[in-house]
Amino acid sequence: MKENIREEEILKIVKEYGEVSRLELAETFGLTSARISKVTKNLLEKKIIIEKSVGESSGGRPPVYLSINNEKFKDILGINLTSNRMLYITLGKINGEIFKKKKIAIDLLNKDEQEDILKVVDDIIGKEISQNPNIGALSIIITGSVDEEKGISVMSPHYSLKTPKVVEYFERKYNLPVLLENDVRAMVLVEKQIGSCKNVKNFVVFNLGEGIGSANCIDKKIYKGHNSMAGEAGHIVINTNSIRKCSCGKRGCLEAESSEMAIIKKITSEIKIGKYSILKDILKEKEFLTIKDILYGVKKRDFLVIQVMSEAMEYIARGLNILISVLDPEKIILVGEIFSSKFLMDTLKFELNKLSLDVHSYAIELTKLGEELYFYSPIAVVVENIFENRDFTEKYTRD
Ligand SMILES: [Zn+2]
């Protein structure tokens with residue numbers, strides 16, 4: 001039998017269950033109620049948890065439940081820099097409530113701002129804090145490789161930062177605890193907390209935007225790997241004969257063949273060399289194509305668009321098949337505008353069926369969260385880290 005228990009261990013259970021009695025805690029940890037009470041007394045004094053009397057018991061005192069004291073935790077300011085070059089700003093609370101949402105298109109910022117995105121984020125943080133003195137934590141999400149323990153953006157293919165030490169920079173400047181996480185890993189947390197993976201132990205989130213990324217949840221935890229790079233599905237080589245160079249330097253990566261950017265490039269160059277497509281006039285008029293134009297081409301069953309998209313779905317299926325074979329997930333959540341097309345989803349499922357083993361039963365679906373996925377991501381990272389990440393929790397609860 002365990003003799004002692006740390007406050008964090010109790011808090012994690014209270015957070016997970018929402019409301020829990022001392023007796024239930026004692027049973028969970030195999031300790032006496034007296035020992036549990038000793039720790040919870042401390043937590044009650046620090047106002048991290050509160051007592052609630054719920055209903056009447058049969059005679060005697062009504063049962064008392066413990067829950068997290070949401071008032072103890074100040075507001076969270078979240079910034080999410082996504083692979084579609086949008087900046088999402090969220091103000092929310094530790095119980096998941098969101099009370100302010102705003103988004104900015106990065107490409108509408110001026111050139112100088114685009115080249116120093118940290119300065120843009122800094123200005124937003126400064127402005128939000130001056131308007132809301134109750135902000136007590138910052139949560140920043142960025143694309144690319146993130147070392148969340150060191151708080152460093154190792155490499156972002158979409159954004160240029162003057163310093164990679166994001167956490168240190170903002171912690172010093174604002175004297176607030178800061179968390180930094182990769183965009184797709186944050187999506188895993190969102191799906192787990194408020195999406196369709198609440199009770200799913202093993203699942204994959206596959207994000208297709210300008211680039212391609214994925215992240216895995218294994219036994220209810222994010223799997224990061226040795227270099228914190230697990231799930232870089234975009235750089236699986238799926239076409240060894242390809243001449244297309246990827247942002248990573250290799251050729252034939254899934255991202256170089258099937259990301260939004262790759263698809264747009266392929267269709268644009270085919271039209272330019274004279275292939276017939278109903279998108280020809282749109283390209284002539286605007287001088288560029290968007291993923292919405294491509295989806296229009298799919299809807300109209302344009303021959304060229306269908307040809308390029310069918311090949312893209314075949315490549316995506318190859319990438320997903322590798323993830324399925326290695327991880328055996330219960331669910332695959334797809335994120336990205338192209339998956340909103342039923343035709344493309346059916347093509348993808350058809351291709352995947354040809355490749356995967358019958359014994360692998362899994363569900364594959366488009367996220368049901370829409371833009372909420374991006375707004376909630378920074379909040380989800382804080383909810384996940386509270387009582388898990390000691391340093392962050394101590395700073396967040398210090399007064
Ligand atoms: Zn690559």
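Every residue gets a number counted from 1 within its own chain, in the order that chain's sequence is written. Local features are withheld for residues below a pLDDT of 70 in this predicted model, meaning they are given only at 70 or higher, and side-chain atom pairs are given and counted only at 80 or more; totals for whole chains, interfaces and linings count all residues. Side-chain metrics rest on all non-hydrogen atoms present in the structure, leaving aside hydrogens and water.

Asker: Explain the overall build of the protein chain residue by residue, including any values.
Answerer: Secondary structure follows DSSP: runs of H or I at least 4 residues long count as helices, runs of E at least 2 residues long count as strands, and numbering of each begins at the N terminus. Within the protein chain, the regular secondary structure consists of 15 helices and 15 strands. To get the radius of gyration, use the C-alpha atoms; to get the globule rule, take the number of residues to the power 0.38 and multiply by 2.2 Å. Taken against the 2.2 N^0.38 rule, which gives 21 Å for 399 residues, the C-alpha radius of gyration of the protein chain at 24 Å falls within 12% of a compact globule. If one aligns the C-alpha atoms of the protein chain with their principal axes, the spans along those axes are about 85 × 55 × 40 Å. Of all 399 residues assigned to the protein chain, the portion counted as buried reaches 52%. Only heavy atoms enter the contact rule, under which two residues are in contact if any of them lie within 4.5 Å. Here the contacts in the protein chain between residues at least 6 apart in sequence split such that 60% fall between residues at least 24 apart. A 1.4 Å probe rolled over the protein chains alone gives each residue an accessible area, and that area as a share of the maximum for its type sets the label: buried under 20%, exposed over 50%, partly exposed in between.

Asker: If you had to explain helix 13 (residues 342-355) to someone new, which residues and values would you point to?
Answerer: Multiplying 1.5 Å by the residue count of a helix minus one yields the expected span of that helix. Compared with the 20 Å implied by 1.5 Å per residue over 14 residues, the 20 Å span of helix 13 between its first and last C-alpha is a close match. Considered for burial, the residues of helix 13 that qualify are Leu344, Met345, Thr347, Leu348, Glu351 and Leu352. On an axial view of helix 13, the arc spanned by its buried residues comes to 160 degrees, and they lie on one face. Of the exposed residues in helix 13, the ones pointing more than 90 degrees away from its buried face are Lys342, Phe350, Asn353 and Lys354. Looking at the packing, one finds that the buried side of helix 13 touches helix 11 (291-299), helix 12 (303-327), strand 14 (331-335) and strand 15 (363-366). Regarding the arc, it is the one traced by the directions from the helix axis to the C-beta atoms.

Asker: Describe in detail the pattern of salt bridges, supporting the description with residues and values.
Answerer: When the charged atoms of two side chains with opposite charge come close together, those side chains can pair. By salt bridge we mean one thing: a side-chain nitrogen of Lys or Arg within 4 Å of a carboxyl oxygen of Asp or Glu. All chains considered together, the criterion is met by 35 salt bridges. When the shortest N-O distance is used, the salt bridge between Lys101 and Glu372 registers 3.0 Å. Within this pair, whereas Lys101 is found in strand 6 (residues 98-105), its partner Glu372 is found in helix 14 (residues 372-385), the two being separated by 271 residues in sequence. Owing to a relative accessible area of 45%, Lys101 belongs among the partly exposed residues under this scheme. Given the relative accessible area of 26%, Glu372 is considered partly exposed. Here Lys342 ties to Asp346 by a salt bridge, and the two come within 2.7 Å at their closest N and O atoms. Within this pair, Lys342 and its partner Asp346 are both found in helix 13, separated by four residues, close to a single helical turn. Each of the salt bridges in this network shares a partner with another, and the network as a whole consists of Glu148, Glu181, Arg185 and Lys224.

Asker: Got a sec to walk through the coordination of the zinc ion? Specific residues and values, please.
Answerer: Tetrahedral coordination by four donors places them ideally at 109.5 degrees to one another around the metal; octahedral coordination by six donors ideally gives 90 or 180 degrees. Here the zinc ion is held by the protein donor atoms His235 (ND1), Cys246 (SG), Cys248 (SG) and Cys253 (SG), which lie 2.0 to 2.4 Å from it. For the zinc ion, the four donor atoms are set out with angles of 103 to 123 degrees between them, so the coordination reads as tetrahedral. Along the chain, the residues donating to the zinc ion fall in the pattern H-x10-C-x1-C-x4-C. Overall, Cys248 belongs to the partly exposed group, its relative accessible area being 40%. Residue class for Cys253 comes out buried when judged on its relative accessible area of 0%. Water is not among the atoms examined, so metal sites may look incomplete; donors are the N, O and S atoms within 2.8 Å of the metal, or within 3.2 Å for Na, K and Ca. Irregular is the default label, applied whenever a site is not tetrahedral (four donors, all angles between 85 and 135 degrees) and neither square planar nor octahedral (four or six donors, opposite donors over 155 degrees apart, all other angles between 65 and 115).

Asker: Lay out the domain arrangement of the protein chain in plain terms, naming residues and giving numbers.
Answerer: Domains are outlined according to an automatic or database domain assignment. According to the domain assignment, the protein chain consists of domain 1 (7-72), domain 2 (75-188 + 372-396) and domain 3 (198-366). Here the C-alpha centre of domain 3 lies 27 Å away from the C-alpha centre of domain 2. The term buried area refers to how much accessible surface (probe radius 1.4 Å) is lost by two components on association, counted for both of them together. Note on domain 2 versus domain 3: buried area summed over both sides is about 1,400 Å², and carbon and sulfur give 56% of it. The interface formed by domain 2 and domain 3 holds two salt bridges in total. With a closest N to O distance of 3.8 Å, Lys221 and Glu388 form a salt bridge. N or O atoms closer than or at 3.5 Å make up a polar contact, with two conditions inside protein: a donor-capable atom paired with an acceptor-capable one, and, for residues adjacent in sequence, both atoms drawn from side chains. At the surface where domain 2 touches domain 3, the tally comes to two residue pairs in polar contact (both at pLDDT 80 or more). For the side of domain 2 that touches domain 3, the element with the most residues is helix 7 (residues 183-193), which contributes five residues. Partitioned by chemical class, the residues of the side of domain 2 that touches domain 3 number six nonpolar, four polar and six charged. Residues are grouped as follows: nonpolar covers Ala, Val, Leu, Ile, Met, Phe, Trp, Tyr, Cys and Pro; charged covers Asp, Glu, Lys and Arg; every other residue, Gly included, is treated as polar.

Asker: Give a detailed account of the packing of aromatic side chains, specifying residues and quantitative values.
Answerer: Side-chain rings of Phe, Tyr and Trp (the six-membered ring for Trp) are treated as a pair once their centres are within 6.5 Å; stacked means planes under 30 degrees apart, edge-to-face means over 60, and tilted covers the remaining angles. Inspection of the entire model under this criterion finds eight aromatic pairs. Considering the side-chain rings of Tyr88 and Tyr374, the 5.1 Å spacing of their centres and the 20 degrees angle between planes classify their relative orientation as stacked. Highlighted residues: Tyr88 in strand 5 (residues 86-92) and Tyr374 in helix 14, separated in sequence by 286 residues. The burial state of Tyr88 is the same as that of Tyr374; both residues are buried. Taking 5.5 Å as the distance between ring centres and 50 degrees as the angle between the ring planes, the aromatic pair formed by Phe392 and Tyr396 counts as tilted. On the criterion of helical spacing, the pair formed by Phe392 and Tyr396 is a turn pair, its members being four residues apart in helix 15 (residues 390-396). Taken together, the ring pairs connect Phe73, Phe387, Phe392 and Tyr396 into an aromatic cluster.

Asker: Describe helix 7, listing the residues and the values that go with them.
Answerer: It helps to recall that an α-helix has 3.6 residues per turn; residues three or four apart then point in one direction. Taking burial as the measure, the 11 residues of helix 7 include 10 buried ones, the bulk of the element. Buried within helix 7 are the following residues: Asp183, Val184, Arg185, Ala186, Met187, Val188, Leu189, Val190, Glu191 and Lys192. A distance of 2.9 Å separates the backbone nitrogen of Val184 from a side-chain oxygen at the start of helix 7, and that oxygen is part of Asn182.

Asker: Can you tell me about the packing of helix 1 (residues 7-17) against helix 3 (residues 33-45), naming the residues and giving the values?
Answerer: Axes, fitted as lines to C-alpha atoms, cover a helix only where it is in contact. Angles between the N-to-C directions of the axes lie from 0 to 180 degrees. Contact geometry of helix 1 with helix 3 gives a least axis separation of 10 Å together with a crossing angle of 80 degrees. By the angle between their directions, the pair helix 1 and helix 3 is classed as roughly perpendicular. Residues Glu7, Ile10 and Leu11 of helix 1 form the contact with helix 3, whose own contacting residues are Ile36, Val39, Thr40, Asn42 and Leu43. Looking at side-chain class alone, the contact of helix 1 with helix 3 contains five nonpolar, two polar and one charged residues. Note that the term roughly parallel is reserved for angles under 35 degrees, roughly antiparallel for angles over 145, roughly perpendicular for angles of 65 to 115, and oblique for everything else.

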